[in-house]
Amino acid sequence: MPADDELFQALLYLEAHAGALKDERARRTAAIQRVTLWEYLREQTDIHQAKAIADARAANAEWAHLAPALAVNAPSAAYNKATRLRAVSLTGQAGCDQPVRRTPEAVLAAERRAAAQEAADRRAAAQAEQRHRLLAPIAHRLLENRHGLPDGEDVTYWLDEIAAVLPNCHTPTQFVSLETYVKAAVRELNKVARQNGGSVGTTLDAQTAYEAAAELVAGG
């Protein structure tokens, strides 16, 4: 998609030269494509106008001040129009996968859903970070003592995965990956422990590292 200003000029050009297409089918296809592109531009206009309204309100503009700019006659009409304009920018946001109807009630409901989803995402991210603060030292201990842990194929694979993600583990997605790898490594080590009466490590530090990881994983 070209820049909006380039698309605007291109559409004006195509409109002015629409008659150059002699084939009726070609004219019909081109006109429908122009309708689609004008709709895209109109939606972009709504988004930018809604942002301008938000900036004006943040600067303490009253709805009465915005009414003439929005081509309406009353503050209440300005408020309702501004609310409808927000429908476009809300579509696609968290909790608003479907197009939002352009009514004040639908927009406010969509904003509440989006705010609730964003709050849930923030809580999940905070929980993941808190979990990571407990998990990262455990993962470090497993790697520091891997020479004392079984070198079976599955154990080695998951420890290698931990070693790959741990040095640069900063995002919620990376936190989840690290926890997945630690759980998988513990699962394989548990198999060895069951075969050896609870013993896994060939050194005390390795055994302690395994037990700490197993306890954390078991705690959920």
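Everything discussed here concerns the structure shown above.
Model, not experiment: these values are computed from the prediction.

The rules behind the values
- Residues numbered from 1 in each chain as written.
- Predicted model: local features only at pLDDT ≥ 70, side-chain atom pairs only at ≥ 80, totals over all residues.
- Heavy atoms only, no water.
- Axes fitted to C-alpha atoms, helices over the stretch in contact; angles between N-to-C directions.
- Helix = DSSP H or I, 4+ residues; strand = E, 2+ residues; numbered from the N terminus.
- Parallel < 35°, antiparallel > 145°, perpendicular 65-115°, else oblique.
- Left-handed = near helix turned anticlockwise from the far one by under 90°.
- Contact = heavy atoms within 4.5 Å.
- Nonpolar A, V, L, I, M, F, W, Y, C, P; charged D, E, K, R; others polar.
- Buried < 20%, exposed > 50% of the residue type's maximum accessible area, 1.4 Å probe, protein only.
- Salt bridge = Lys/Arg side-chain N within 4 Å of Asp/Glu carboxyl O.
- Phe/Tyr/Trp six-rings, centres within 6.5 Å; stacked < 30°, edge-to-face > 60°.
- Core = buried A, V, L, I, M, F, W, Y, C linked by side-chain atoms within 4.5 Å.

Details of the packing of helix 6 (residues 153-165) against helix 7 (residues 172-195)
- The N-to-C vectors of helix 6 and helix 7 enclose an angle of 160°; their axes lie 9 Å apart at closest approach. What the angle tells us is that helix 6 and helix 7 run roughly antiparallel. The element helix 6 and its partner helix 7 pack so that their crossing is left-handed. Contacts from Asp154, Val155, Trp158, Leu159, Glu161, Ile162 and Val165 in helix 6 reach Gln174, Leu178, Tyr181, Val182, Ala184, Ala185, Arg187, Glu188 and Leu189 in helix 7.
- The residue makeup of the contact of helix 6 with helix 7, split by class, is 11 nonpolar, 1 polar and 4 charged.

A closer look at unusual backbone geometry
- A positive phi angle is found at Asn60, which is not glycine, with a value near 70°.
- As for its position among the elements, Asn60 is in the loop between helix 2 (24-58) and helix 3 (63-69).
- Even without being glycine, Ala71 reaches a positive phi, approximately 60°.
- Looking at the secondary structure, you find Ala71 in the loop between helix 3 and helix 4 (75-90).
- The class of Ala71 is exposed, set by a relative accessible area of 68%.

Thoughts on the pattern of salt bridges
- In this structure the tally under the stated criterion is 9 salt bridges.
- The salt bridge partner of Glu39 is Arg42, with a shortest N-O separation of 2.4 Å. Taken as a pair, Glu39 and Arg42 lie in helix 2 at a separation of 3 residues, close to a single helical turn.
- Taking the relative accessible area as the measure of exposure, Arg42 reaches 33% and is therefore partly exposed.
- A salt bridge links Arg131 to Glu179, with the shortest nitrogen-to-oxygen separation between them at 2.9 Å. Separated by 48 residues along the polypeptide, Arg131 in helix 5 (residues 104-144) and Glu179 in helix 7 bring together distant segments of the chain.
- Residue Glu179 is classed as buried on the basis of its relative accessible area, which comes to 17%.
- Ionic contacts of the salt-bridge type, sharing partners, join the residues Glu39, Arg42 and Asp46 into one network.

Description of the packing of aromatic side chains
- According to the stated counting rule, one finds 4 aromatic pairs in the structure shown.
- Pairing Phe8 with Trp38 gives two aromatic rings, centres 5.8 Å apart and planes at 85°, and the pair type is edge-to-face. Pair noted here: Phe8 is in helix 1 (residues 4-16) and Trp38 is in helix 2, with a separation of 30 residues, a long-range link.
- In this structure Trp38 comes out as partly exposed when scored by relative accessible area, which is 28%.

Here we look at the nonpolar core
- Formed by 32 residues in total, the largest nonpolar core has its most connected members in Leu149, Leu159, Ile162 and Leu178.
- The set of elements that each furnish at least two residues to this core consists of helix 5, helix 6, helix 7 and helix 8 (204-218).
- It is helix 7 that contributes the most residues to this core, 9 residues altogether.
- Filtering out sequence-adjacent residues up to four positions away, Ile162 remains in contact with Ala139, Leu143, Leu178, Tyr181, Val182 and Ala185.
- Of all hydrophobic cores here, the second largest spans 9 residues; its members include Trp63, Ala67, Ala78 and Leu85.

Focus on the packing of helix 7 against helix 8
- Two elements in contact, helix 7 and helix 8, have axes whose closest approach is 10 Å; the angle formed by their N-to-C orientations is 115°. As helix 7 runs across helix 8, the sense of the crossing is left-handed. Contacts from Val182, Lys183, Val186, Leu189, Asn190 and Ala193 of helix 7 reach helix 8 at Tyr210, Ala213, Ala214 and Val217.
- When its residues are assigned to classes, the contact of helix 7 with helix 8 shows 8 nonpolar, 1 polar and 1 charged.

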